[in-house]
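Architecture and fold: a report
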Amino acid sequence: MTLAVDDINFLQKLLADRTGHVLNDAQSYLLDSRLKSLVSAQGFETVEQLVAKTRASNSPLLQDQIAEAMTINETFFFRDMHPFEALQETIIPQLIESRRQTQTINIWAGACSSGQEPYSIAIVLREHFPELMDWNIKILATDISDEILARAKSGEYSQFEVNRGMPAKLLIRHFDRNGSTWTVKNEIRKLIEFRKVNLTKSWFFADMFDIVFLRNVLIYFSVENKQRILEQVHRSLASDGCLFLGGGESIIRLDVPFDRETNGQTSWYQPVPSRKMKK
Amino acid sequence: MNALVVDDSRAMRKILRSILLDLGYQIIEAEHGLDAIEKLKENDPFEIALVDWNMPEMNGLEFVQHVRENSDHDNMKLVMVTTETEPDRMVKALMAGVDEFVMKPFTPEILIDKLRLIGVSVNAGNQCEEL
């Protein structure tokens, strides 16, 4: 079904106002599929009816629910694989050396969606680094959507979801099966704290991060918001920390002081030590 | 590159053949484990075998055990494509020498990701997008 231009404009503005996400005209075909569940949940039959109700009621709750439904991204375990290999082979071994005194490692998985990425990170840590068992490991996993965070926190995945990217050996070791539902074991789940964060707002975290995963989300923001988000990431990242973006993303044309490091098929970004961020 | 598809379902063999053809493989089909052993003897070495679990004549696990006891096929990757998801049985298959599992139902992306995981060559098209 094709939405009227007026309805598309309304949804684009709602999304931009509430989340900072830019949905261009070429992506408007996504609206119907992404809003389908919310349309049913609200007792409507079409997206047009949902839009009409939202406009008439001006309900902040409904607006939030629409924004949430429109920002759910595809995610799966060990997406692209290479970043996780870089963690295992290079980054974590270096942190074990450099953080030997504090025995603390802080990791942030931004825009974590249904949680596959932070769980993948936690599995890498537990699977390959038994020496970190006594360390203070914190993985903060954030997303803008309350609904998706609740799902992520449950640690429950369908057979179809674990089939995508999760090696069988790790599935058996780190999940419990109940029928066709697989649940992440507690020893992995307890490494992760889930919290709601809107990337386009100002945010501050108590700890500096050693590793930030912010993958496959910046492509949805305007240039101004990308710049602001990456400036904030820079301020939250330890001077020797590293930032992972999505496999198809780079910071070309943005003025943020990161150096790109490449190792094999993986690239990540590290703060340039000599340059201060602009205020 | 040769790929062996072992499944008693003609429909499933057709699906797997279609995915592997797109990846550049030449595909040989077998209807069960005993048939697959014959196909191994008759053809050049295979890079990979996709194997169902429950089949007549010789099931997938028996076929895997046979292959892994025979050093002629040490380099062949073995992927079970199956509805079998009981963890204890999966462990048994992994210990017998299965490299990876794909649980039915699956999509082409799931199969291709699993092949990548075990180092099987697949075409990757990842375009860099500027922010």
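Preceding this paragraph is the structure being described.
**Things to note about the packing of aromatic side chains**
Residue and element names in this part refer to chain A. For the structure on display, the rule yields 13 aromatic pairs over all chains. Geometrically, the ring pair formed by phenylalanine 205 and phenylalanine 209 is edge-to-face, given 5.2 Å between the ring centres and 75° between the ring planes. A relative accessible area of 6% places phenylalanine 205 in the buried class. Its relative accessible area of 4% is what places phenylalanine 209 among the buried residues. Relative to tryptophan 268, the ring of phenylalanine 244 has its centre 5.8 Å away and its plane inclined at 45°; by these criteria the two rings are tilted. Of this pair, phenylalanine 244 sits in strand S8 (residues 237-244) while tryptophan 268 is found in strand S11 (residues 266-271), placing the two residues 24 residues apart along the sequence. Summarising the burial analysis for this pair, phenylalanine 244 and tryptophan 268 share the class buried. Site record: aromatic cluster; members linked through ring pairs are Phe77, Tyr119, Tyr157, Phe175 and Phe194. Looking at arginine 164, its charged tip hangs above the ring of phenylalanine 76, at a distance of 3.8 Å from the centre.

**Observations concerning the interface of chain A and chain B**
With 29 residues of chain A at the interface, the matching set in chain B holds 25 residues. Of the roughly 2300 Å² buried at the junction of chain A and chain B (both faces included), carbon and sulfur atoms supply 61%. Two residues, Glu86(B) and Arg177(A), come together in a salt bridge whose shortest N-O distance is 3.1 Å. Counting across the chain A and chain B interface gives eight residue pairs in polar contact (both at pLDDT 80 or more).

Criteria and cut-off values
Residues numbered from 1 in each chain as written. Chains lettered and ligands numbered in written order. Predicted model: local features only at pLDDT ≥ 70, side-chain atom pairs only at ≥ 80, totals over all residues. Heavy atoms only, no water. Phe/Tyr/Trp six-rings, centres within 6.5 Å; stacked < 30°, edge-to-face > 60°. Buried < 20%, exposed > 50% of the residue type's maximum accessible area, 1.4 Å probe, protein only. Helix = DSSP H or I, 4+ residues; strand = E, 2+ residues; numbered from the N terminus. Lys NZ or Arg CZ within 6 Å of the ring centre and 35° of its normal. Contact = heavy atoms within 4.5 Å. Buried area = accessible area lost by both parts, 1.4 Å probe. Salt bridge = Lys/Arg side-chain N within 4 Å of Asp/Glu carboxyl O. Polar contact = N/O pair within 3.5 Å; in protein donor to acceptor, adjacent residues only side chain to side chain.

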